[in-house]
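Coordinate analysis (summary)
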Amino acid sequence: MTASERANQLVQIAAEAAAEKLADNIIAYDVSDQLVITDAFVLCSAANDRQVRSIVDEIEKRLREDAGAKPIRREGEREGRWVLLDYADIIVHVQHEEDRVYYALERLWKDCPPVPLPEDINAHSEQRVRAGDGK
């Protein structure tokens with residue numbers, strides 16, 4: 001089983017919205033073979049709590065406007081370090097950089113196939129690394 005067409009559409013919109021707010025290391029996994037609760041995960045990170053909130057706001061706005069999707073559940077917004085947006089078809093994780101490294105969700109889902117994202121989705125992160133400003 002693979003992620004639904006709807007899930008893939010939502011993944012693309014969420015990834016593009018995160019990129020617009022300069023989220024780092026945006027990736028997506030097709031978890032449909034492993035989980036029955038969702039088809040895909042989108043993971044991204046930010047340098048600080050304020051940017052985490054900004055990314056979350058943009059993702060919600062774009063998914064609502066472009067796909068008519070509203071989250072059925074939100075968790076972690078008050079702390080602003082790891083916000084989970086559950087859209088049933090996809091789950092979006094926006095994490096503070098430190099939490100992303102600590103929890104290493106990529107390690108847990110590395111056996112799941114990645115969902116292809118546009119090649120330039122992480123271009124801003126790569127530019128910062130080349131300039132010596134990133135990790």
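Notes on the structure follow.

Criteria and thresholds
Residues numbered from 1 in each chain as written. Predicted model: local features only at pLDDT ≥ 70, side-chain atom pairs only at ≥ 80, totals over all residues. Heavy atoms only, no water. Helix = DSSP H or I, 4+ residues; strand = E, 2+ residues; numbered from the N terminus. Contact = heavy atoms within 4.5 Å. Buried < 20%, exposed > 50% of the residue type's maximum accessible area, 1.4 Å probe, protein only. Pairing = 2+ DSSP bridges. Core = buried A, V, L, I, M, F, W, Y, C linked by side-chain atoms within 4.5 Å. Patch = residues over 30% accessible without salt bridge, like charges linked within 9 Å, V, L, I, M, F, W, Y side chains within 5 Å. Areas by Shrake-Rupley, 256 points an atom, 1.4 Å probe, with all protein chains shown as cover. Salt bridge = Lys/Arg side-chain N within 4 Å of Asp/Glu carboxyl O. Lys, Arg positive; Asp, Glu negative; His and termini not counted. Charge placed at Lys NZ, Arg CZ, Asp CG, Glu CD. Axes fitted to C-alpha atoms, helices over the stretch in contact; angles between N-to-C directions. Parallel < 35°, antiparallel > 145°, perpendicular 65-115°, else oblique. Left-handed = near helix turned anticlockwise from the far one by under 90°. Nonpolar A, V, L, I, M, F, W, Y, C, P; charged D, E, K, R; others polar.

1. Structural notes on the environment of Leu105
Tracing the sequence through the fold places Leu105 in helix H4 (residues 105–109). Not counting residues within four places of it along the chain, the set of residues in contact with Leu105 comprises Leu43, Trp82, His93 and Gln95.

2. Observations regarding the pairing of strand S4 (residues 82–86)
Counting buried residues along S4, four of its five residues qualify, which places the element largely inside the surrounding structure. Adjacent in sequence and paired antiparallel, strand S3 (residues 73–75) and S4 are bridged by six residues, among which Gly76 carries a positive phi angle near 85 degrees. Hairpin connection of S4 to strand S5 (residues 90–96): three residues between the antiparallel strands, including Ala88 at a positive phi of 70 degrees.

3. As for the nonpolar core
Counting 33 residues, the largest nonpolar core has Ile26, Ile59 and Ile90 as its most contacted members. Only helix H1 (5–20), strand S1 (24–30), strand S2 (40–46), helix H2 (49–67), S4 and S5 provide two or more residues apiece to this core. When neighbours within four sequence positions are excluded, Ile59 is seen to be in contact with Ala14, Ala17, Ala18, Leu85, Tyr87, Val92 and Val94. Core analysis: the next-biggest nonpolar cluster, separate from the first, contains 10 residues, Tyr29, Val31, Phe41 and Trp109 among them.

4. Here we look at a positive patch on the surface
Among the surface-exposed residues, Lys21, Lys61, Arg64 and Lys70 lie close enough to one another that they form a single positively charged patch. Within the fold, Lys21 resides in the loop between H1 and S1.

5. Points about unusual backbone geometry
The backbone phi angle of Ala88 is positive, close to 70 degrees, even though this residue is not glycine. Positive phi, close to 45 degrees, is recorded for Ala104, a residue that is not glycine. Ala104 sits in the buried class, given a relative accessible area of 13%.

6. Let's talk about the packing of H1 against H2
The contact between H1 and H2 brings their axes to 8 Å, and the two run at 135 degrees. In terms of orientation, H1 lies oblique with respect to H2. For the pair H1 and H2, the sense of crossing is right-handed. Across the interface between the two elements, Arg6, Gln9, Leu10, Ile13, Ala14, Glu16, Ala17, Ala18 and Glu20 of H1 pack against Ile55, Glu58, Ile59, Arg62, Leu63, Asp66 and Ala67 of H2. Looking at the contact of H1 with H2, its residues break down into nine nonpolar, one polar and six charged.

7. Things to note about the pattern of salt bridges
Summed over all chains, the structure comprises 10 salt bridges. A salt bridge links Arg73 to Glu75, with the nearest nitrogen and oxygen atoms 2.8 Å apart. Taking relative accessible area as the criterion, Arg73 reaches 37% and is therefore assigned partly exposed.

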